[in-house]
Amino acid sequence: MTDDSTRKVAELLSDQRLAMLTTHAADGTLTSRPMALQEVEFDGDLWFFAARDSRKVTHLTADPQVNVAAGSGGSWISLTGRAAVVTDEAKKKELWNSGVAAWFPDGPDDDEIVLIKVEGDSAEYWDTPAAGSPPR
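All figures in this text were calculated on a predicted structure; none of them were measured in a lab.

Caption draft 1: Inspection of the overall build of the protein chain at higher detail. Assigned secondary structure in the protein chain consists of four helices and six strands. Considering only C-alpha atoms, the protein chain reaches an extent of 45 × 35 × 25 Å along its principal axes. For the protein chain, the residues scored as buried account for 43% of the 136 residues in total. Partitioning the intrachain contacts of the protein chain with sequence separation of at least 6 by distance along the chain shows that 65% fall at a separation of at least 24. For the protein chain, the accessible surface area stands at approximately 7,600 Å², while carbon and sulfur atoms represent 51% of it. Side-chain charges of the protein chain comprise 13 positive and 23 negative groups, with the mean position of each set lying 2 Å from the other.

This is the structure in structure tokens:
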């Protein structure tokens, strides 16, 4: 993505806390699920916590091409990229927060918790100036 598009996506993501992560199952089926965004200062990468043995981790390990969609009101983002499972203990601790603890009560040192890093390749966005205005 260009610097300008990265800045615009960062602006639109700044108020977002949840996104839909879409992966490919082994049979090619697309599967989406809500995920909590862990780093709102978008620099081209998105971070999520996941259980090591989860279906999403199985999917992206076999096929790392993903889509992440987020938005509300008049602003929507669809980002495509490649995902990787990351086991960086320092990064887990850096991103850890009370919201993650609600899902993973054993804390960031739990080996069953991994990070998913999505490196954005491209993004499309829709941004309307006011509620009720038609999309541009």
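There is more to say after this.
Caption draft 2: Geometry of helix α1 (residues 3-13). Burial in α1 covers these residues: Ser5, Thr6, Lys8, Val9, Ala10, Leu12 and Leu13. On its buried face, α1 is in contact with β3 (45-51), β4 (65-72), β5 (75-86) and β6 (113-127).

Caption draft 3: Local environment of the side chain of Thr23. Its place among the elements puts Thr23 in strand β1 (residues 18-24). When sequence neighbours within four positions are dropped, the list of residues in contact with Thr23 reads Thr29, Leu30, Thr31, Arg33, Lys56, His59 and Val66.

Caption draft 4: Region of the structure containing the nonpolar core. Counting 23 residues, the largest nonpolar core has Leu13, Leu46, Phe48, Ile116 and Val118 as the members making the most contacts within it. Only α1, β1, β3, α2 (55-62), β4, β5 and β6 provide two or more residues apiece to this core. Of the residues forming this core, the biggest block, four residues, is contributed by α1. When sequence neighbours within four positions are dropped, the list of residues in contact with Val118 reads Leu21, Gly44, Asp45, Leu46, Phe48, Val66, Val68, Leu79, Arg82 and Ala83.

Caption draft 5: Spatial organisation of the pairing of β4. When β1 meets β4, the two strands line up antiparallel, connected through three bridges. In the strand pairing of β4, Thr22 is matched with Asn67. Relative to β5, β4 runs antiparallel, the two being bridged by eight bridges. In the strand pairing of β5, Gly71 is matched with Trp76. Counted between consecutive antiparallel strands, the loop separating β4 from β5 contains two residues, among which Gly73 sits at a positive phi close to 60°.

Analysis parameters
Residues numbered from 1 in each chain as written. Predicted model: local features only at pLDDT ≥ 70, side-chain atom pairs only at ≥ 80, totals over all residues. Heavy atoms only, no water. Helix = DSSP H or I, 4+ residues; strand = E, 2+ residues; numbered from the N terminus. Buried < 20%, exposed > 50% of the residue type's maximum accessible area, 1.4 Å probe, protein only. Contact = heavy atoms within 4.5 Å. Areas by Shrake-Rupley, 256 points an atom, 1.4 Å probe, with all protein chains shown as cover. Lys, Arg positive; Asp, Glu negative; His and termini not counted. Charge placed at Lys NZ, Arg CZ, Asp CG, Glu CD. Core = buried A, V, L, I, M, F, W, Y, C linked by side-chain atoms within 4.5 Å. Pairing = 2+ DSSP bridges.

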